[in-house]
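Report on the structure
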Amino acid sequence: MDLTLAAPPLLLVLCIIAGVGLAWFTYRRSLPSPDGGRLALLVALRGSALALVFVLLFEPIWRSFSRIEEPPILAVLVDDSQSLTLDDTPGTLQAALGDVAKLGVPDEALRRYTFAEDAIPYTPADSLTLVGTRTDLARALTTVADDLDSDNLAGVVVLSDGRSTSGRNPIYLAERYPVPIYTVVVGDTTAQRDVRISRIVTNEIAYVDVEIPVQVGVLHDGFEGERVSVSLLEDGQLLARETLTLGTGGTEATLDVRVTPRSPGLRRYTLAVSSLAGEVTTRNNATVVTIQVLENRRRVLFVAAAPGPDISALRRLVASDPDTEAVVRTQRSPGQFYEGPLPSSVDDFDLLVLAGYPGSAADGTTARRLAAAAADGLPVLFVLSQQTDPTVLQQSFGDVLPVLPERSRPLYYEAQMALTASGAFHPVLDVPSSRERLDRLPPVLYNESRWRATPDAQTLATIQVAGAVLDDPLLVVRRRSGIRSAALLGAGTWRWANLPEDLEDMAGFYPSLTENLLRWLTTRADRRPVRVRPTRDLYGEGETVTLTGQVYDEALVPVSDATVEVTVTAPDGTTTPHVMRALGSGRYALDLGARPSGTYRYTTSASLTSAGTVLGEDAGSFAVGALALEFQNPTADAALMRQLAQRSGGMVVPANDVGQLGTLLNQPGRFSPRAVETERETPLWHMPWWLAAIVGLLAIEWVLRKRSGMV
């Protein structure tokens, strides 16, 4: 215990002495003067009241200390996912769980959890369901650490096969975990005879009537040389089937199948490999993939200043994109193009590419029409060529491009590309070739005009001449009021599209740069007032389907009191209405529960609860299908469980000898109480009884004075 004051204690003592002395001096001069005993009593009463006032003015704080011992807590995490249903694994798990209960740890010191996607508390009376379609071990460990943060958590016991199929890698979490993790490996760690689909690679977005490739990877153990068939189905209808011969066990065989979507929307495809006799499970022989199919391809208006190698190379790259429909117009004379007149409606396009345009043959009417379309919101990509007329460019497109010439010159010199700090992390320059090797690319021709980027533009690359990096912009992008534009100021880029054999590793640079520019420019800012989407495009059977939403007013200010109605249409055409619950700050959520397999569509309407004003609408889709995540590899991952234990300071325990864990926990410092000291501060001047004591002392003094006839 301790008492602290806001000023030195000596000063308080002096003040109390002065107060008592003042009381004595006052009563010595009173009329009538009290006798000795009464004088001492009156001085004591007034002096005590003054002393209490001085004590409170010094803001005394009373500190008390207490020490308690918190008992240790042991958390037990039990895997409840589908992967534990193979062979005799459920029996092994139940036996290991029973052995954990016999470790001698008091029942009140155990905190039991089951986990698949997350950790959920359970009691010994609860039974395991083993129906989890995903296993997120890192999330489960984090949940336990957060739940027991204020307790004396001494360790975590994990009973699992180690197959973490979702979330981040738990090994990285183990290095920073606050307590040791003791792992009990359940499941067979030896390779099982099995054929399974290991991966699927395809486009996330496709277009109607445009063929897309689907690459399927098939792994196997114990079926070398066997032939299997790989099928692609949609809603039970066979679309394609190919035969595949399996190679050496443990190696992946790949096969390409192709599909052409015939209608827009979220399409759900099933990839299945035929089963073979003797497989440990056939539940990993099929998997579901979803592809968002759009109705129209990206339409690009490609306007070139004149024929030339730069224009041909760029035109070929743009037209080679299966997601792009390019309409090309090459200037022949003022107002005339080789391919015919300019389209009557420029607004129907998603992107305007100015390939060297405007050149010397450009007419003002056409240039102003294209510039007006860009000013109205049409994204624009300008690529410099030696046919470009910088003066006409500055006059016609001064308000729509991210970079302009301040002083026009017709000369060119060779320069290399040099990335800026912002360009090194921009998605436009997310290319497969190493960015550190860009100086190996052939130089481009840089125009001697003085180019100036607009204040809101972002320079991704400058030029490098004779090894010196200059500030002159080479690649510039801009996003203004949701409208995007870009400029590439290097002529001679045809060299990047025709690299020699010794630069074969850089061959993907220019095609990737072009594709990234097209994608970045045509990505529109989302200004919809109502936005509702599923947390996943594909849910497993038995998983809870969750929709999240955001609602804004016309000024894009979040609306928190809207009524958000969602109508879900099932695969059989039946509809069910729902209302999303408000989460605050314009956010909403809806849990639809588990749904049968199939593709679902939903429509959303949001309105103000008070006025009934409709704020906006939205629509979307999601799919439910049988997931094979838990059966992709039927072998327990003992290596992951071992690293979890080692990196956290724990121990791997065999499933048939959990008693080792009891011996380990009995070691000094492993499972022991924790002493916790608490400090409590009490400001004494806040207590009302101090005031009562002062008032009481002064009241008694006043009564004695009156009874003594004193004035």
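Quick note: structure is the one above.
What comes next is a walk through the structure. Residue positions within a chain follow its written sequence, with the count starting from 1. Local features are withheld for residues below a pLDDT of 70 in this predicted model, meaning they are given only at 70 or higher, and side-chain atom pairs are given and counted only at 80 or more; totals for whole chains, interfaces and linings count all residues. Hydrogens and water are ignored here; the side-chain numbers use all heavy atoms of the structure.

**Looking at the pairing of strand β22 (residues 412-419)**
Two strands qualify as a pair provided that DSSP identifies no fewer than 2 bridges between them. Going along the chain from the N terminus, every DSSP run of H or I of four or more residues is numbered as a helix, and every run of E of two or more is numbered as a strand. As paired elements, β22 and strand β23 (residues 444-447) share four bridges and run antiparallel to each other. Considered in β23, the bridge of Ala415 is made with Val444. Note: β22 against strand β25 (residues 457-465), four bridges, orientation antiparallel. Bridge pairing in β25 places Gln416 opposite Gln464.

**With respect to a nonpolar patch on the surface**
To count toward a patch, a residue needs a relative accessible area over 30% and no salt bridge; like charges are then connected within 9 Å, while nonpolar side chains (Val, Leu, Ile, Met, Phe, Trp, Tyr) are connected within 5 Å. Areas reported as accessible are Shrake-Rupley estimates using a 1.4 Å probe. Residue values count occlusion only from the protein chains shown. Salt bridge, as used here, is a side-chain nitrogen of Lys or Arg placed within 4 Å of a carboxyl oxygen of Asp or Glu. A contiguous nonpolar surface patch, about 480 Å² in accessible area, is contributed by Leu10, Leu11, Val13, Leu14 and Ile17. Among the structural elements, Ile17 can be located in helix α1 (residues 9-28). Three exposure classes are used, based on accessible area relative to the maximum for each residue type with a 1.4 Å probe and protein chains only: buried under 20%, partly exposed in between, and exposed over 50%. Assessed through its relative accessible area of 54%, Ile17 is described here as exposed.

**Here's the deal with the packing of aromatic side chains**
In this analysis, rings of Phe, Tyr and Trp, with Trp reduced to its six-membered ring, are considered paired at centre separations within 6.5 Å, and the interplanar angle assigns stacked below 30 degrees, edge-to-face beyond 60, and tilted for intermediate values. This model, assessed by the stated rule, comprises seven aromatic pairs. Among the aromatic side chains, those forming a connected cluster through ring pairs are Tyr539, Tyr600, Tyr602 and Phe622. Over the ring of Phe223 we find Arg193; its NZ or CZ atom is 4.2 Å from the centre of that ring. Arg332 extends its terminal NZ or CZ atom over the ring of Tyr338, reaching a point 5.7 Å from the ring centre. For a lysine, the NZ atom is tested; for an arginine, the CZ atom; a charge sits over a ring if that atom is within 6 Å of the ring centre and within 35 degrees of the ring normal.

**Quick look at the side chain of Thr114**
Tracing the sequence through the fold places Thr114 in strand β4 (residues 110-115). Overall, Thr114 belongs to the buried group, its relative accessible area being 11%. Thr114 has contacts with Val78, Asp80, Ala119, Ile120, Tyr122 and Leu128, leaving out every residue within four places of it along the chain. Note on contacts: a residue pair is in contact if any heavy atoms of the two residues lie within 4.5 Å.

**Side note on the environment of Ile68**
Assignment of secondary structure puts Ile68 in strand β2 (residues 61-70). As for Ile68 and Val579, which are separated by 511 residues in sequence, their C-alpha atoms are 50 Å apart.

**Structural notes on the packing of helix α6 (residues 309-320) against helix α9 (residues 509-522)**
Where α6 contacts α9, the axes come no closer than 10 Å and their chain directions differ by 65°. Regarding α6 and α9, the two cross each other, and that crossing is right-handed. Along its contact with α6, which presents Leu314, Leu317 and Val318, the element α9 presents Tyr510, Pro511, Thr514 and Leu518. Partitioning the contact of α6 with α9 into residue classes produces six nonpolar, one polar and no charged. Only the stretch in contact is used when a helix axis is fitted, and all axes are lines through C-alpha atoms; the angle between N-to-C directions ranges over 0 to 180 degrees. A clockwise turn of the near helix away from the far one marks a right-handed crossing, whereas an anticlockwise turn of less than a right angle marks a left-handed crossing. Residues are grouped as follows: nonpolar covers Ala, Val, Leu, Ile, Met, Phe, Trp, Tyr, Cys and Pro; charged covers Asp, Glu, Lys and Arg; every other residue, Gly included, is treated as polar.

**Observations regarding the sheet that holds β4**
Read from one edge of the open sheet, six strands run β5-β4-β3-β6-β7-β38, paired in mixed fashion. Each end of this open sheet is capped by a strand with a single partner; those strands are β5 (119-121) and β38 (651-654). Averaged over neighbouring strand pairs, the angle between their axes works out to 25° when direction is ignored. The pairing of strand β6 (residues 153-160) with strand β7 (residues 181-185) spans five bridges and is parallel. Looking at the pairing, Val158 lines up with Thr183 of β7. The strands touched by helix α10 (residues 638-648) are β6, β7 and β38; relative to β7, the strand with the most contacts, the crossing angle is about 160°.

**Quick notes on unusual backbone geometry**
With omega at 5°, the peptide bond leading from Tyr357 into Pro358 counts as cis. Of note, Ala466 is a non-glycine position whose phi angle comes to about 55°, a positive value. If you trace the backbone, Ala466 turns up in the loop between β25 and β26 (468-480). Look at Ala466 and you get exposed, because its relative accessible area is 86%. Even without being a glycine, Ser585 presents a positive backbone phi close to 60°. Examined against the element boundaries, Ser585 turns out to sit in the loop between β34 (581-584) and β35 (587-594).

**Details of the pattern of salt bridges**
What the rule picks out here adds up to 21 salt bridges. A salt bridge links Glu117 to Arg536, with the shortest nitrogen-to-oxygen separation between them at 2.5 Å. With Glu117 in the loop between β4 and β5 and Arg536 in the loop between β29 (530-534) and β30 (538-540), this pair connects stretches of sequence that are 419 residues apart. Overall, the relative accessible area of 25% leaves Arg536 in the partly exposed class. Two residues, Glu211 and Arg258, come together in a salt bridge whose shortest N-O distance is 3.7 Å. In this pair, Glu211 sits in the loop between β9 (205-207) and β10 (212-221) while Arg258 sits in strand β13 (residues 253-259), placing the two residues 47 residues apart along the sequence. When salt bridges with common partners are traced through the structure, they connect Glu117, Arg134, Arg536 and Glu543 into a single cluster.

**Here's the deal with the side chain of Thr388**
Structurally, the position occupied by Thr388 is in the loop between β20 (380-383) and α8 (390-396). Polar contacts here mean pairs of N or O atoms no more than 3.5 Å apart (in protein, one a potential hydrogen donor and the other a potential acceptor; neighbouring residues in sequence count only if both atoms are side-chain atoms). Within the local environment of Thr388, its side chain forms a polar contact with the backbone oxygen of Gly356, the two atoms lying 2.8 Å apart. In this structure Thr388 touches Gly356, Tyr357, Pro358, Gly359, Phe382 and Tyr412, once residues within four positions along its chain are discounted.

**Here's the deal with the sheet that holds β13**
In spatial order, the strands read β8-β10-β13; together these three strands make up an open sheet with antiparallel pairing. The open sheet terminates on both sides in strands that have one partner only, identified here as β8 (194-202) and β13. Going across the sheet, the axis of each strand differs from the next one's by a mean of 25°, ignoring polarity.

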